[in-house]
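The primary structure of each chain is shown beneath.
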Amino acid sequence: MEAADKAARIVRTVVETLKPGFAVRLWTGERIGPASGPVLVINDQDIVWQMVRRPSFSTLIEMWISKTVATKRARGPSGLPPTRADLYR
């Protein structure tokens, strides 16, 4: 199994186990989690290994600054930003 496949498997396992209320989009374009709502975008498979080796807030900040992790804003059914009710349906 390639490193990219292993990293994707780790992310899938975490999202499916924790069910965080947001989806994760992998570097491959695969979306894991709810079909609608906010999305955590992982742009580089290497960040999975960074979080496994050094799971800290500063590591997450470094990833955010380097744009290897991003967020995608959720949209409600009308195409506008969602209401609280949209997020908890």
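**Some details on the confidence of the model for the protein**
Detail in the predicted coordinates should be disregarded across regions flagged by low pLDDT. Per-residue pLDDT for the protein averages 80, and the proportion of residues at 70 or more is 81%. Within the protein, the lowest mean pLDDT, 56, falls on helix α4 (residues 84–87), and the highest, 92, falls on strand β2 (residues 31–32).

**Quick look at the pattern of salt bridges**
If you walk through the whole model with that rule in mind, you get one salt bridge. One salt bridge in this structure joins Glu-30 and Arg-12, with 3.0 Å as the shortest N-O distance. In this pair, Glu-30 sits in the loop between β1 (23–25) and β2 while Arg-12 sits in helix α1 (residues 3–18), placing the two residues 18 residues apart along the sequence.

**Section: the environment of Val-11**
Within the secondary structure, Val-11 is located in helix α1. Classification of Val-11 as buried rests on a relative accessible area of 8%. Between the C-alpha atom of Val-11 and that of Val-48, which follows or precedes it by 37 residues, the distance is 7.6 Å. Setting aside residues no more than four positions away along its own chain, Val-11 makes contact with Val-24, Leu-26, Ile-32, Ile-42 and Val-48.

**Side note on the packing of helix α2 (residues 46–53) against helix α3 (residues 57–66)**
Between α2 and α3, the shortest axis-to-axis distance is 9 Å and the interhelical angle comes to 160°. Looking at the two axes, α2 sits roughly antiparallel to α3. Between α2 and α3 the crossing geometry is right-handed. Residues Ile-47, Gln-50 and Met-51 of α2 form the contact with α3, whose participating residues are Thr-59, Leu-60 and Met-63. When grouped by side-chain class, the residues that make up the contact of α2 with α3 number four nonpolar, two polar and no charged.

Conventions we followed
- Every chain is numbered on its own, with residues counted from 1 as its sequence reads.
- Selection of residues for local features in this predicted model requires a pLDDT of at least 70, selection of side-chain atom pairs for listing and counting requires 80 or more, and totals for whole chains, interfaces and linings are taken over all residues.
- Note that the side-chain values use all heavy atoms of the structure and ignore hydrogens as well as water.
- For every residue, the pLDDT score states the predictor's confidence, bounded by 0 at the bottom and 100 at the top.
- Comment: elements are numbered from the N terminus, with helices defined as DSSP H or I runs of at least four residues and strands as E runs of at least two.
- In the sections that follow, a salt bridge refers to a side-chain nitrogen of Lys or Arg positioned within 4 Å of a carboxyl oxygen of Asp or Glu.
- Each residue gets one of three labels from its accessible area relative to the maximum for its type: buried under 20%, exposed over 50%, partly exposed in between, using a 1.4 Å probe on protein chains only.
- What makes two residues a contact is simply this: any of their non-hydrogen atoms within 4.5 Å.
- Angles here are taken between N-to-C directions and fall from 0 to 180 degrees, while the axes themselves are lines fitted to C-alpha atoms, restricted in helices to the stretch in contact.
- Should an angle lie under 35 degrees it is considered roughly parallel, over 145 roughly antiparallel, and from 65 to 115 roughly perpendicular; all remaining angles are considered oblique.
- A crossing counts as left-handed when the near helix is turned anticlockwise from the far one by less than a right angle, and as right-handed when that turn is clockwise.
- Any residue that is not Ala, Val, Leu, Ile, Met, Phe, Trp, Tyr, Cys, Pro, Asp, Glu, Lys or Arg is counted as polar, Gly included; the first ten are nonpolar and the last four charged.

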